[in-house]
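# Geometric and topological summary
Below are the chains, spelled out letter by letter.
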Amino acid sequence: GAGVSQSPRYKVAKRGQDVALRCDPISGHVSLFWYQQALGQGPEFLTYFQNEAQLDKSGLPSDRFFAERPEGSVSTLKIQRTQQEDSAVYLCASSQRALIYSSEQYFGPGTRLTVT
Amino acid sequence: AQRVTQPEKLLSVFKGAPVELKCNYSYSGSPELFWYVQYSRQRLQLLLRHISRESIKGFTADLNKGETSFHLKKPFAQEEDSAMYYCAFRSNDYKLSFGAGTTVTVRA
């Protein structure tokens, strides 16, 4: 079956532009996560959704970052007024059950964002 | 605060030689530990988790609470094991914390 998909795969933005990154989780998966992976580092947690509810956004680095999952499936991560330090790979992951059940997270291929 | 440390950025071994990737964590409770792998041009995927206590692709990892370590081992490395490996940790706040990763190259 289809795994987690993300689009676009690559995005180049000029400093100050807004960007929107899309994640299509595995159908029926309850949990959805966003991670940011800077060059040479491991992924870092940004935010978590259980269905349409954003239960944790403690990892979002600033108020320029905003995520939504309005119907409990597709999610969008939006970055306003991009800065060079936002350049990274943004990973989306989904898992079948709610977090308390500790089910495996399946990762998408990521979106590589370059801010020039 | 850094919760997971992978001290080796790069690891090069010959085919057939043993390989060990080190991972240390900082947490006083009962963590969940994982190893994730990313092969070239592929997505990040789970390799193994300590609660399963299973061997995947010949890899094993034992959780040592005394040393707060979760080292990944394989007795005989294969060329297809060349990849980036990430140790990850989850405490009771359910968020995954990843180490910086170790790039493994297995030479023929």
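Below is a summary of the structure that appears in this document. (Residues numbered from 1 in each chain as written. Chains lettered and ligands numbered in written order. Predicted model: local features only at pLDDT ≥ 70, side-chain atom pairs only at ≥ 80, totals over all residues. Heavy atoms only, no water.)

Another point: the sheet that holds strand β7 (residues 60–61) of chain B. Residue and element names in this part refer to chain B. Taken in spatial order, the three strands of this open sheet run β3-β8-β7, and their pairing is antiparallel. Looking at strand neighbours, the two that pair on one side only are β3 (19–21) and β7, the edges of this open sheet. For β3 and strand β8 (residues 72–74), the ladder comprises three bridges, and the chain directions are antiparallel. What sits directly across from Leu21, in β8, is Leu72. (Pairing = 2+ DSSP bridges. Helix = DSSP H or I, 4+ residues; strand = E, 2+ residues; numbered from the N terminus.)

In the structure shown here, the tally under the stated rule is one cavity of 30 Å³ or more. By volume, the largest cavity amounts to about 30 Å³. Along its surface, the largest cavity is lined by Ser102(A), Ser103(A), Glu104(A), Gln105(A), Phe34(B), Tyr36(B), Arg49(B), Arg90(B) and Leu96(B). The residue makeup of the lining of the largest cavity, split by class, is three nonpolar, three polar and three charged. (1 Å grid on protein atoms, 1.4 Å probe; cavity = no way out; pocket = protein on both sides within 12 Å on 5 of 7 lines; lining within 4 Å. Points joined across faces, edges and corners; volume = space filled by probe spheres on them. Nonpolar A, V, L, I, M, F, W, Y, C, P; charged D, E, K, R; others polar.)

If you look at the biggest cluster of nonpolar residues, it comprises 24 residues, and the most contacted ones within it are Leu21(B), Trp35(B), Leu47(B), Leu48(B), Leu72(B) and Tyr85(B). For this core, the elements supplying multiple residues, two or more each, are β2 (10–14), β3, β5 (32–38), β6 (45–49), β9 (83–90) and β11 (102–107) of chain B. Broken down by element, the residue count for this core peaks at four residues, all from β9(B). Membership of the second largest hydrophobic core comes to 20 residues, among which are Ala13(A), Val19(A), Leu32(A) and Trp34(A). (Core = buried A, V, L, I, M, F, W, Y, C linked by side-chain atoms within 4.5 Å. Buried < 20%, exposed > 50% of the residue type's maximum accessible area, 1.4 Å probe, protein only.)

Turning our eyes to something else, we now look at the interface of chain A and chain B. At the interface, 20 residues of chain A touch 15 residues of chain B. Of the roughly 1500 Å² buried between chain A and chain B on both sides combined, carbon and sulfur atoms contribute 49%. Counting across the interface, chain A meets chain B through one salt bridge. Note that Lys95(B) and Asp56(A) form a salt bridge whose closest N and O atoms lie 3.4 Å from each other. At the level of secondary structure, the elements contributing two or more residues to the side of chain A that touches chain B comprise β4 (31–37), β5 (44–50) and β6 (53–56) of chain A. Split into classes, the residues belonging to the side of chain A that touches chain B amount to nine nonpolar, nine polar and two charged. (Contact = heavy atoms within 4.5 Å. Buried area = accessible area lost by both parts, 1.4 Å probe. Salt bridge = Lys/Arg side-chain N within 4 Å of Asp/Glu carboxyl O.)

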